[in-house]
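Structural overview
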Amino acid sequence: MIRICPRCGKSDDKISFVGEFCIDCTLEKKKEKMPSEVEVELCVKCERVRSGLINARKSQKSPQSQRYNNRVRGGEKWIKLDNKILKEIVWLEFKKKGFSGKFDAKNNTWHGTFGEEAVPYSVPVQIKYNKQVCQICSRSTSGYFEAIIQVRGEMEKVKRVCAKLKKRIGKNNFLPKTVEKKEGIDIYVGFKKSIPEILNDEGYKFVRTVTLSGERRDTKRLYRDTFLIRV
Ligand SMILES: [Zn+2]
Ligand SMILES: [Zn+2]
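All residue numbers refer to positions counted from 1 along the written sequence of the respective chain. Key to labels: chains lettered from A, ligands numbered from 1, both in the order written. Note on the predicted model: pLDDT of at least 70 is required for a residue's local features to be given, and 80 or more for side-chain atom pairs to be given and counted; whole-chain, interface and lining totals, by contrast, use all residues.

Examining the overall build of the protein
- Here a strand is any run of E in DSSP of at least two residues, a helix any run of H or I of at least four, and the numbering for each starts at the N terminus. Within the protein, the regular secondary structure consists of 5 helices and 17 strands.
- Each residue is classed by its C-beta neighbour count within 10 Å, where at least 20 other C-beta atoms makes it buried, 12 or fewer makes it exposed, and intermediate counts make it partly exposed; the C-beta atoms are placed from backbone geometry. Evaluated residue by residue, the protein yields a buried proportion of 20% over its 231 residues.
- Note that contacts rest on C-beta atoms placed from the backbone: two residues are in contact if these are within 7 Å. Considering only residue pairs separated by 6 or more positions, the protein has 50% of its internal contacts joining residues 24 or more positions apart.

The structure is reproduced here in structure tokens:
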């Protein structure tokens, strides 16, 4: 029995079908639900982009803006825009709508698949950069820091470990100063959130000490953490 697409009248000996409709019509219907504009918050100073939530505006037919969760790993709010990360930040969750997409910023295109057959689609979309100054840039000049990593051990090894840690942490954080002492090196760190994860990942056991170090202007208490590692 030949299937006829109820939308365009093509038959299934000419074109493949996804359920009731032909593949062309299925794609057309999907495109109506795809966002036509994506808003990304961009720091004018360091060109990091804000992770977490991305604003996506749907097609002209339903112009209301909607916020989608994306799948950024790591938990930093502002991240460097290199190609690898850019691919990650543009994976948006469209699970509720039954499809997911990946934004190709070079070509301003969504790529994705839908359905059990994993039928691919590509849809053009505009990216809109909302320019501002990120938390890393605004805080890094103010003397602010949330943690100190105390690296202790034989000095040559301490230096090697510090160089490695600074490179990794500094990518999406800031390091206001490094103090060399007789017993080792102290690395001052802007934001502490990612530190335990990074130290664990690098295979260092640490002792964490938390001290209350004054009230912030926004009345939140500022707790400074010390991470002691022996190498
Ligand atoms: Zn059709
Ligand atoms: Zn910045």
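Here the narrative resumes, following the displayed structure.
Things to note about the pairing of strand 15 (residues 184–189)
- In this structure, strand 13 (residues 147–152) lies alongside strand 15, joined through 6 bridges in antiparallel fashion. In the strand pairing of strand 15, Ile148 is matched with Tyr188.
- Strands pair, by our definition, only if DSSP identifies at least two bridges between them. Bridging between strand 14 (residues 178–180) and strand 15 involves 3 bridges; their strand directions are antiparallel. Among the inter-strand pairings, Glu180 is bridged to a residue of strand 15, identified as Ile185.

Structural notes on helix 4 (residues 155–170)
- Each helix should span, by expectation, one fewer than its residue count multiplied by 1.5 Å. The end-to-end C-alpha separation of helix 4 is 21 Å, in line with the 22 Å expected for 16 residues at 1.5 Å each.
- Of the surrounding secondary structure, the elements contacted by the buried residues of helix 4 are strand 13, strand 15 and helix 5 (195–202).

Structural notes on the nonpolar core
- Among the nonpolar cores identified, the biggest contains 14 residues, and Ala147, Ile149, Val151, Leu165, Ile187, Val189 and Ile195 are the most heavily contacted of them.
- At the level of elements, strand 13, helix 4 and strand 15 are the ones that each hand at least two residues to this core.
- Of the residues forming this core, the biggest block, 4 residues, is contributed by helix 4.
- Ignoring any residue separated from it by four or fewer positions in sequence, one finds Val151 in contact with Val158, Val161, Cys162, Gly184, Ile185, Ile187, Ile229 and Val231. For the purposes of this analysis, a nonpolar core is taken to be any set of buried Ala, Val, Leu, Ile, Met, Phe, Trp, Tyr and Cys residues that are connected through C-beta atoms within 7 Å.

What to know about the environment of Gly153
- Note that Gly153 resides in the loop between strand 13 and helix 4.
- Between the C-alpha atoms of Gly153 and Ile229, which are 76 residues apart in sequence, the distance is 8.6 Å.
- Discounting residues that sit within four places of it in the chain, Gly153 has contacts with Val158, Gly184, Arg230 and Val231.

Some points on the confidence of the model for the protein
- Of all residues in the protein, 68% attain a pLDDT of 70 or more, and the chain-wide mean is 77.
- Per-element confidence in the protein ranges from a low mean pLDDT of 43 for strand 8 (residues 91–92) to a high of 98 for strand 13.
- In predicted models, pLDDT denotes the confidence assigned by the predictor to each residue on a 0 to 100 scale. In this model, residues 66–76 is a region of pLDDT below 50 whose contacts with residues beyond four sequence positions or in other chains number 32 contacts.
- A low-confidence stretch, residues 84–98 stays under pLDDT 50, and its non-local contacts, those more than four residues away or across chains, total 36 contacts.

Brief notes about the environment of Arg152
- Along the chain, Arg152 falls in strand 13.
- When the C-alpha atoms of Arg152 and Lys181 are compared, they prove to be 9.6 Å apart, with 29 residues separating the residues in sequence.
- Other than its neighbours up to four places away in sequence, Arg152 contacts Val158, Glu183, Gly184, Leu228 and Arg230.

Quick notes on the environment of Tyr204
- Inspection of the secondary structure assignment puts Tyr204 in the loop between helix 5 and strand 16 (206–215).
- Along the backbone, Tyr204 and Ile229 are 25 residues apart, and their C-alpha atoms lie at a distance of 6.6 Å.
- Look past the residues within four positions of Tyr204 in its chain and what remains in contact with it is Leu199 and Ile229.

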